[in-house]
Amino acid sequence: MATTTTPPPPAPKVNRIGLPVLEYKGGKTTLCAGCGHNAISERIIDAMYEMGVPPERVIKMSGIGCSSKSPAYFMNRSHSFNSVHGRMPSVTTGAVLANRNLIALGISGDGDTASIGVGQFVHLMRRNLPVIYIIEDNGVYGLTKGQFSATADLGSKLKTGVLNDLPPIDTCEMAITLGATFVGRSFSGDKRQLHAMMKAAIAHNGTVMLDIVSPCVTFNDHEGSTKSYKYMKEHEEALQEVSFVPHFEDISVEYEAGTATEVTMHDGSKLVLRKLEEEYDPSNKIEAIHRLNQSHAKGEVLTGVFYVNTKTPTFIDLLNMTDQPLATLPESVTRPGREVLEQVMEELR
Ligand SMILES: Cc1ncc(C[n+]2csc(CCOP(=O)(O)OP(=O)(O)O)c2C)c(N)n1
Ligand code: SF4
Ligand SMILES: [Mg+2]
């Protein structure tokens, strides 16, 4: 009698370090269905998988808020630290200085960053510490039931009908002015753009600041909100078509001369910014601030990569740190002996 054997299941598709995408996933989300933050988690999973980032090298840092909860929903194999509200920048700075081999991914909210955390945000941006800092921006404090945050637009309306009478903080303008070296804005509903920007962020060595408009379906997705899906679909104005070619893919990108700007990233990857309108130079800070101001005046939400600078030294370079991460140095090196202490005491006498 002939026997039939069932063929083995096909091996899962793996990335350049041999991991399937499953190894980049996290726990099941407890955020509201349709929350923009969930879409951002998905883009992080895809980008980290496609770039072949070893999950164990990533530290997921956050503050407090629905956005700050989201690191639980991606990259389970990575390290994670949920800090105090608005204090993620200082904890991240400490972690990166202790181990320079880690890849820091900071997830914050507009409240966590631009309200309680604005002082810490300012000092992180001016240091050019290697970190990918993401603001999941819904214009409200989602976790505490929808009060306006400091990124809410003047005249936008709460569900209760209350109008916002204060002007917003533009976190991208702030980050560019202060010294971040890769600054952009995207929309959680713009899958293609966000995906390319996330991969470029991974390739950058320095402070990346991405403000991602991420609608809160429960408290800020109604008529009168300027951070709703409908408003973003009607008002998003992309500055460029963003494409990214990682250094390990030998793809030549074709574009007509003068229609695109190519930025070579630290690892040799290419960020290609295809112009959709007039000339735009992403290495020009003044131009970036000007375009952002212009878009506010026109009532548009400008998205894209506003500023890239691959030349400024990072905080790690400035401190002239040892190549070996401080956290791995033996105590014999990090702990001065009794003679050193005695010498210091002698000098103080
Ligand atoms: C020191 C401190 N102050 C206030 C709070 C209350 N609180 C928790 S989350 C939050 C705002 C979160 O807003 P955001 O960062 O925009 O995150 P979202 O929930 O909108 O994603 C506030 C005010 C707190 N947890 N700790
Ligand atoms: S309350 Fe808003 S921000 Fe929080 S999970 Fe729900 S939709 Fe997202
Ligand atoms: Mg918020």
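Residues numbered from 1 in each chain as written. Chains lettered and ligands numbered in written order. Predicted model: local features only at pLDDT ≥ 70, side-chain atom pairs only at ≥ 80, totals over all residues. Heavy atoms only, no water.

Engineer: Could you give an account of the site of ligand 2, naming the residues involved and the relevant values?
Structural biologist: In the vicinity of ligand 2, the contacting residues are Leu31, Cys32, Cys35, His37, Cys66, Asn138, Gly142, Cys216, Val217, Thr218 and Phe219. Looking at side-chain class alone, the shell around ligand 2 contains 7 nonpolar, 4 polar and no charged residues. (Near = heavy atom within 4 Å. Nonpolar A, V, L, I, M, F, W, Y, C, P; charged D, E, K, R; others polar.)

Engineer: Give me the packing of aromatic side chains: which residues, what numbers.
Structural biologist: This structure, assessed with the given rule, holds 3 aromatic pairs. Summarising the aromatic geometry, the rings of Phe187 and Tyr229 are spaced 6.2 Å apart at their centres and angled 55° between planes, so their arrangement reads as tilted. Here Tyr229 lies in helix H8 (residues 229-235) and Phe187 lies in strand S7 (residues 182-187), a separation of 42 residues in the sequence. If you follow Lys60 out to its NZ or CZ, it ends over the ring of Phe74, 5.5 Å from the centre. (Phe/Tyr/Trp six-rings, centres within 6.5 Å; stacked < 30°, edge-to-face > 60°. Helix = DSSP H or I, 4+ residues; strand = E, 2+ residues; numbered from the N terminus. Lys NZ or Arg CZ within 6 Å of the ring centre and 35° of its normal.)

Engineer: Provide a residue-level description of the coordination of the magnesium ion (ligand 3), including the pertinent values.
Structural biologist: Asp110 (OD), Asn138 (OD1) and Val140 (O) make up the full set of protein donors to the magnesium ion (ligand 3), lying at 2.1 to 2.3 Å. On the basis of relative accessible area, Asp110 is assigned to the buried category, the value being 1%. A relative accessible area of 4% places Asn138 in the buried class. (Donors = N, O, S within 2.8 Å, 3.2 Å for Na, K, Ca; no water. Buried < 20%, exposed > 50% of the residue type's maximum accessible area, 1.4 Å probe, protein only.)

Engineer: Describe the site of ligand 1, naming the residues involved and giving the relevant values.
Structural biologist: Around ligand 1, the surrounding shell holds 17 residues, and the nearest of these are Cys66, Ser67, Gly111, Asp112 and Gly142. A distance of 2.8 Å separates an oxygen atom of ligand 1 from a polar atom in the backbone of Cys66. A distance of 2.8 Å separates an oxygen atom of ligand 1 from a polar atom in the backbone of Gly142. In the complex, 74% of the free accessible area of ligand 1, which totals 600 Å², lies under the protein chains. Secondary-structure elements contributing two or more residues to the shell around ligand 1 are helix H2 (66-69), helix H4 (110-114) and strand S5 (140-141). Per-element tally for the shell around ligand 1: the top contributor is H4, with 3 residues. Along the lines of polarity and charge, the residues of the shell around ligand 1 split into 6 nonpolar, 9 polar and 2 charged. (Polar contact = N/O pair within 3.5 Å; in protein donor to acceptor, adjacent residues only side chain to side chain. Areas by Shrake-Rupley, 256 points an atom, 1.4 Å probe, with all protein chains shown as cover.)

Engineer: Lay out the sheet that holds strand S2 (residues 79-82) with the relevant residues and their values.
Structural biologist: Within the open sheet, the 8 strands sit side by side as S2-S1-S3-S4-S8-S7-S13-S9. Their pairing is mixed. Each of the sheet's edge strands pairs with one partner strand only, and the pair in question is S2 and strand S9 (236-238). On average, adjacent strands in this sheet sit at an angle of 20° to one another, irrespective of strand direction. The strands that helix H6 (residues 171-178) touches are strand S4 (131-137), S7, strand S8 (207-213) and strand S13 (301-308); relative to S7, the one it contacts most, it runs at about 170°. Helix H7 (residues 191-203) contacts S4, S7, S8, S9 and S13 of the sheet and is inclined by roughly 155° relative to S7. (Pairing = 2+ DSSP bridges. Axes fitted to C-alpha atoms, helices over the stretch in contact; angles between N-to-C directions. Contact = heavy atoms within 4.5 Å.)

Engineer: Lay out the side chain of Thr93 with the relevant residues and their values.
Structural biologist: In this fold, Thr93 is placed in helix H3 (residues 88-98). Among the residues examined, Thr93 registers a relative accessible area of 10% and is labelled buried. For Thr93, the side chain forms a polar contact with the main-chain oxygen of Pro89, separated by 2.7 Å.

Engineer: Could you give an account of the pattern of salt bridges, naming the residues involved and the relevant values?
Structural biologist: Inspection of every chain in the model, using the stated rule, returns 17 salt bridges. The residue Arg192 makes a salt bridge to Glu241 at a minimum N-O spacing of 4.0 Å. Highlighted residues: Arg192 in helix H7 and Glu241 in strand S10 (residues 240-245), separated in sequence by 49 residues. Residue Glu241 is classed as partly exposed on the basis of its relative accessible area of 28%. (Salt bridge = Lys/Arg side-chain N within 4 Å of Asp/Glu carboxyl O.)

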